[in-house]
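Close look at the chain arrangement
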Amino acid sequence: MIVGDLLELDDLHIGVAWATPELLGRQVTGVTSTDLQDPARYLQRGELVLTGLVWWRPEDASAAVRFATSLRSARVAALLAGEGTHGAVPAELVAACRTHGIPLLSVPAGTSFRAVTDRVYLRLWGDLQARTQGAAAVPETVRRDLVGLLHAGADATEVLARAVTRLGLPDCSLTTAGGRLLGSSAPDTARPPDMTRPPTASGAAGKGGPAAIPIGPRGDSPFDGWQLHPHAEPDAAEVTLLHGLAELLAPLAVRARATAAAQRQTAVRAVELIEQGGGPGLPDALAACGLPEGRPLTPVTARISGGSATWAAAALAEALHGTGAPFVAAPDGRGGATGLAAAPAAAVTAALRAARPQLQARLGARQELCAGVGPAAPTEASALRAALVQAGYALESRVGGPVGCSGELDSLGALLRGIPAEVTAAFHGRLLAPLAAHDRGNSVSLLGTLAAFLDHDCSWSRTAGALHVHVNTVHYRVRRIEELTGRSLARLSDRLDLRAALLCTPAGTR
């Protein structure tokens with residue numbers, strides 16, 4: 001496929017803002033969408049770049065030049081600019097593309113980027129099939145049948161069922177690398193495949209059952225790509241056919257990966273605006289992400305220890321599919337990821353907790369996926385920012401385990417867990433260091449007495465019973481605690497301070 005082929009797709013109404021015949025002859029290798037000011041690190045040579053121009057501001061005279069420079073460094077095939085945001089392709093962008101030799105095409109407001117992406121990949125797919133016709137393992141008649149289903153928009157379950165029937169293969173399931181089921185040829189009663197087994201290049205079976213067959217190129221994270229899982233151990237001939245089926249499905253996997261990457265990049269702008277407190281561009285940025293207008297959004301934060309922000313965003317997206325609601329997930333620039341889902345906080349939390357075991361299985365022994373869920377909030381900048389801060393705190397506090405929810409922050413102990421360990425340790429030391437020093441040189445623990453006294457609601461008799469001492473001994477020890485700390489256990493505020501200090505005891509300290 002070449003850039004000029006886009007002009008022949010009459011139903012998309014793509015026009016030329018600037019190009020030369022030679023540049024329209026450039027070969028196209030793929031397509032990606034972005035509204036980042038500098039997207040070079042996300043682009044591949046020969047790609048078409050779709051942009052909604054959310055990044056462009058008329059008052060920033062150098063914005064168009066910076067964007068075009070980024071595209072030239074990535075050696076993209078062409079730029080397709082949407083006219084929906086500003087009504088027309090800015091003259092400054094036309095000039096910048098002319099300077100850098102980047103063909104610039106216009107996409108009218110009535111044409112969705114998804115439609116452009118789908119048509120490009122269908123055309124690339126057709127080119128691939130034409131080149132490999134006669135060489136594939138799948139017989140030509142079956143290949144045409146399956147390709148016809150895929151072109152007609154059939155789902156994965158229908159395609160797999162047809163392939164199994166026509167080729168005599170064992171039942172198969174199609175999953176993402178993160179374990180999310182995309183489709184299966186088997187009825188509900190069939191034995192599910194072992195999703196935890198890694199794919200192999202040969203697809204050969206091994207101990208534990210048949211291995212998965214990878215579909216399409218490997219991605220940048222352990223969660224990228226698709227896998228074909230035979231439910232029973234295939235023989236040599238069936239392995240060959242399964243690889244042929246995987247080749248037929250590869251363009252769909254590549255398109256899905258490109259769509260996911262485009263969604264991540266589009267979401268970066270929305271997340272940045274929320275973190276900055278909003279602005280006039282936030283409604284447009286949320287709409288560009290495909291999030292429904294006027295529907296509350298639940299923010300999520302995620303992090304993988306020892307993993308990149310791209311990994312975290314890919315894992316978060318895999319988990320949010322489980323909500324069944326529109327969502328986006330994007331790297332947050334701090335080594336983690338941020339997501340927005342048009343679903344209640346409880347549904348988002350449940351989806352993340354259900355998906356996490358499969359996702360965690362894809363990581364190394366020293367890597368851990370954690371997430372925090374904030375409350376659902378209206379699509380106003382201040383409300384979304386407040387909810388996003390709560391999601392970040394839920395991640396840090398780890399209340400509820402590796403997937404925390406701000407709605408579960410309902411105790412002083414849970415609240416304190418989100419404070420950095422260095423801060424809580426310092427607070428503990430400032431209030432309780434005199435008691436710790438006393439206990440190191442004495443057989444009687446004043447820290448233990450304090451904890452027991454507060455645990456028993458400052459009851460002298462119940463504390464004495466718990467410690468197996470006389471009540472007068474408790475009175476003596478409490479007076480000593482008050483002398484050393486300068487706090488009175490008769491005052492509620494001092495009790496709360498000392499309780500908080502006990503809860504801030506550093507991990508591993510007696």
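Report on the accompanying structure.

1. Section: the overall build of the protein
The secondary structure content of the protein amounts to 17 helices and 14 strands. Along the first, second and third principal axes, the C-alpha set of the protein runs to 95 × 65 × 35 Å. The burial tally for the protein puts 49% of its 510 residues in the buried class. Put simply, 65% of the contacts in the protein that link residues at least 6 apart link residues at least 24 apart. For the protein, the accessible surface area stands at approximately 23,100 Å², while carbon and sulfur atoms represent 54% of it. With 46 positive and 46 negative side-chain charges, the protein shows a separation of 7 Å between the mean positions of the two kinds.

2. Brief notes about the sheet that holds strand S3 (residues 47–51)
Overall, mixed pairing links the 5 strands, which are arranged S1-S5-S4-S3-S2 in an open sheet. Bordering the open sheet on either side are strand S1 (15–18) and strand S2 (30–33), each of which pairs with just one other strand. Between one strand and the next, the sheet's axes are offset by a mean angle of 30°, whatever the strand orientation. One ladder, built from 4 bridges, connects S3 with strand S4 (residues 78–82); its direction is parallel. By the bridge assignment, Leu50 is partnered in S4 with Leu80.

3. Concerning the packing of aromatic side chains
Tallied over the entire structure, the rule returns 2 aromatic pairs. Centroid distance Trp55 to Phe67: 4.2 Å. Interplanar angle 15°. Geometry classified as stacked. In this pair, Trp55 sits in the loop between S3 and helix H2 (63–74) while Phe67 sits in helix H2, placing the two residues 12 residues apart along the sequence. As far as the burial class goes, Trp55 and Phe67 line up, both buried.

4. Focus: the pairing of S3
Of all 5 residues in S3, 5 are buried, a share of seventy percent or more. Both faces of S3 are covered, namely the face carrying Glu47, Val49 and Thr51 and the face carrying Leu48 and Leu50. Judged from the 4 bridges that link them, S2 and S3 form a sheet pairing that is parallel. By the bridge assignment, Val31 is partnered in S3 with Leu48.

5. Overview of the environment of Leu297
Tracing the backbone shows Leu297 in the loop between helix H8 (282–288) and strand S10 (298–304). Through-space distance from the C-alpha of Leu297 to that of Ala232 is 42 Å; in sequence the pair is 65 residues apart. Every residue in contact with Leu297, bar those within four places of it in the chain, is listed here: Leu286, Leu291, Ala341, Ala342, Pro375, Ala376, Ala377, Thr379 and Leu384.

6. Observations regarding the sheet that holds strand S8 (residues 213–215)
Here 4 strands make up an open sheet; going across it, the order is S7-S6-S9-S8 and the pairing antiparallel. The outermost strands of the open sheet, each flanked by one partner alone, are strand S7 (181–184) and S8. If you compare each strand with its neighbour and ignore which way they point, the axes differ by 25° on average. As judged from the 3 bridges shared by strand S6 (residues 172–176) and S7, these two strands associate in the antiparallel manner. Within the sheet, the bridge partner assigned to Thr175 lies in S7 and is Leu181.

Conventions we followed
- Residues numbered from 1 in each chain as written.
- Predicted model: local features only at pLDDT ≥ 70, side-chain atom pairs only at ≥ 80, totals over all residues.
- Heavy atoms only, no water.
- Helix = DSSP H or I, 4+ residues; strand = E, 2+ residues; numbered from the N terminus.
- Buried < 20%, exposed > 50% of the residue type's maximum accessible area, 1.4 Å probe, protein only.
- Contact = heavy atoms within 4.5 Å.
- Areas by Shrake-Rupley, 256 points an atom, 1.4 Å probe, with all protein chains shown as cover.
- Lys, Arg positive; Asp, Glu negative; His and termini not counted.
- Charge placed at Lys NZ, Arg CZ, Asp CG, Glu CD.
- Pairing = 2+ DSSP bridges.
- Axes fitted to C-alpha atoms, helices over the stretch in contact; angles between N-to-C directions.
- Phe/Tyr/Trp six-rings, centres within 6.5 Å; stacked < 30°, edge-to-face > 60°.

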